[in-house]
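Commentary on secondary and tertiary structure
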Amino acid sequence: MVQKAVRMNEGRTRVEMVVSTIRQRIAGRSLTPGARLPSVRGLAATLKLSTSTVVDAYERLVAEGAILARPGSGFYVANQAAPFALAEAGPKLDRAVDPFWISRQSLEADESDLKPGCGWLPPAWLPAEGMRRGLRTLARADGPALAEYGSPLGLPPLRQLISRRMGERGIEASPDQIMLADSGTQAIDLLCRFLLEPGDTVLVDDPCYFNFHALLRAHRAKIVGVPYTPSGPDIDLFAQVVAEHRPRLYITNSAIHNPTGAALSPVTAHRLLKLADQFDLTIIEDDIFADFEYTPAPRLAAFDGLDRVIHIGSFSKTLSASARCGFVAAKPEWIDGLTDLKIATSFGGGRLTAELVLNVLSDGSYRKHTEMLRQRLSRAMSEVSAKLKALGITPWLEPQAGMFLWCRLPDGIDAADVARAALEKKIVLAPGNAFSLSQSATNFMRFNVSQMLNARVFEVLGEVLGRQGTSGRD
């Protein structure tokens, strides 16, 4: 009877596996409405299952309305397919390493929750008084600034200011080569719409910012990862991957890499650009952490002159996440096409936010604010690094700037288990596999040092690590 029960349970599991596989393919649009499903015998042979298991799975999907049975013809995806489910489009992950899990927990946390896994600064670290001054100035502005759509390219004085700021980092871009966006994320979204077709291959670092994965899946791209080193992507493997997969895009952070905190070396930058030219590769350089640097790291856009490199930035990290404003800098012929796409998807620009950002950036206090911010982050980096080491948590490298520490947990500790246990204590963490396409960062974790100056974070980490270590020895 026990063996029979086991076989029955295994049978149900196999049926559920087939159902889940078909649902995922429908949700990810690899099976489109009206598409014919593999034959029962064909799928059974492919999956090495019995035909009865596949029949049971197909019948369940028919009952749900996901597929249709046509006698004598086979099974087909229903014409009224379910809406695209982004969480279903990628590989099934443990919910604690799912980027949506981290984002939702961080964004929905209440004021008593601690968020060392989030990617932004505490409100007290941001220039609240400068924002208030900017809002007061804006309140006295004329009618168009408060009520009219912005131009598609964005507020001209702000684009001029961004052009000057980019020049300080060696990137030459006229204001007409700069288009404002609602955020750095929207900038990448527009670029993916502009440059990609479903099924195109995109190269990312492994690890990389986890929302790159989610955004690229939303565009039905094929994602390929290359291991990241302290000086940039592993350039030899990079060369192999671009030769084999011929990716359309490569998305990266040249300075203050997320999550590692590393910076691209000049040698790696030059070799990257040679490969990009050889294999007709376009590079999106995400530079949203630029104002955290003491000394600017090499920028691909500076070496390349905005030929194959598209440079994007944002002010959410240093000003306010509530006043969303980013930008794209690219060659003129691409800016024209991006502008049309921006009109099609969001019509005019967000003029009110652009006016506010311009006011704050033009205020002499902003440079003082960023200087103070760099000093605070440097002190926090040193303090947090020492406390983590005392718990047996080892930084992968000591970043020169920024807010992130990419750390290895003690041997045998699974970062996802730590994240789940810490969440019970109202602490949101960011386990490593959320950033790793290859899922090779099981015992890594990204820590935001600005969000770790509460002793309770280390108390809970110590308690959870001790418990995980004990259970691992049992």
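The preceding data block contains the structure.
On a predicted model such as this, the values are computed, not experimentally measured, just so you know. (Residues numbered from 1 in each chain as written. Predicted model: local features only at pLDDT ≥ 70, side-chain atom pairs only at ≥ 80, totals over all residues. Heavy atoms only, no water.)

With respect to the sheet that holds strand β13 (residues 430-431)
Heads up, the rule is: Only when DSSP finds a minimum of two bridges between them are two strands counted as paired. Secondary structure follows DSSP: runs of H or I at least 4 residues long count as helices, runs of E at least 2 residues long count as strands, and numbering of each begins at the N terminus. The contact rule is simple, with two residues in contact once any of their heavy atoms fall within 4.5 Å. Convention adopted: a line fitted to C-alpha atoms gives each axis, helices being fitted over their contacting stretch, and angles between N-to-C directions are expressed from 0 to 180 degrees.
The antiparallel open sheet is built from four strands, whose spatial order is β11-β12-β14-β13. Both edges of this open sheet fall to β11 (394-395) and β13, since each of them pairs with a single strand only. In the sheet, β13 pairs with strand β14 (residues 444-448) via two bridges, with the strands oriented antiparallel. Its bridge partner being in β14, P431 is matched across the sheet by M445. The sheet strands contacting helix α16 (residues 365-390) are β11, β12 (404-408) and β14, and the helix crosses β12 at an angle near 15°.

Some thoughts on the layout of surface pockets
Gaps left between atoms are located by rolling a probe of water-molecule size over the structure's atoms. What counts, and what does not: For cavity detection a 1 Å grid was placed over the protein atoms alone, and a set of points counts as a cavity when a 1.4 Å probe fits there but cannot get out; an open set counts as a pocket when protein lies on both sides within 12 Å along at least five of seven lines, with lining residues being those that have an atom within 4 Å of a point. Grid points are joined across faces, edges and corners, and a volume is the space filled by probe spheres set on the points. Each residue receives one of three labels: charged for Asp, Glu, Lys and Arg, nonpolar for Ala, Val, Leu, Ile, Met, Phe, Trp, Tyr, Cys and Pro, and polar for the others, Gly being one of them.
Counted as a void, the largest pocket has a volume near 1,200 Å³. Together, 50 residues line the largest pocket, and L107, G119, W120, K317 and A321 are the ones closest to its centre. For the lining of the largest pocket, the secondary-structure elements that each account for two or more residues are α5 (99-108), α6 (128-139), α9 (184-195) and α10 (210-218). Top contributing element to the lining of the largest pocket by residue count: α5, with six residues. Here the residues of the lining of the largest pocket sort into 25 nonpolar, 16 polar and nine charged.

Some remarks on the state of the cysteines
Selection criterion: Sulfur atoms of two cysteines make up a disulfide when they are within 2.5 Å.
Across all of its chains, the model carries zero disulfides by this definition. Of all cysteine sulfurs, the one in C208 lies closest to C192, which takes part in no disulfide; the gap is 12 Å. Lacking any disulfide linkage, C407 is separated from the closest cysteine sulfur, that of C118, by 15 Å.

Quick notes on the sheet that holds strand β3 (residues 178-181)
Across the sheet, which stays open at both edges, the eight strands sit in the order β3-β10-β9-β8-β7-β4-β5-β6 with mixed pairing between neighbours. With partners counted over all chains shown, the strands left at the sheet margins are β3 and β6 (232-233), one partner each. Packed onto the sheet, helix α11 (residues 235-245) meets β4 (201-206), β5 (222-229), β6 and β7 (249-252) and runs at close to 165° relative to β5.

Some remarks on the environment of A415
The criterion, for reference: The buried label applies to any residue whose accessible area, calculated with a 1.4 Å probe on protein chains only, is under 20% of its type's maximum; exposed applies above 50%, and partly exposed to all values in between.
Structurally, the position occupied by A415 is in helix α17 (residues 415-423). On the basis of relative accessibility, which here comes to 0%, the residue A415 falls in the buried class. It is 8.2 Å that separates the C-alpha atoms of A415 and A430, two residues lying 15 residues apart in sequence. Those residues in contact with A415 that sit more than four places away from it in its chain are L409, P431, G432, T442, N443, F444 and M445.

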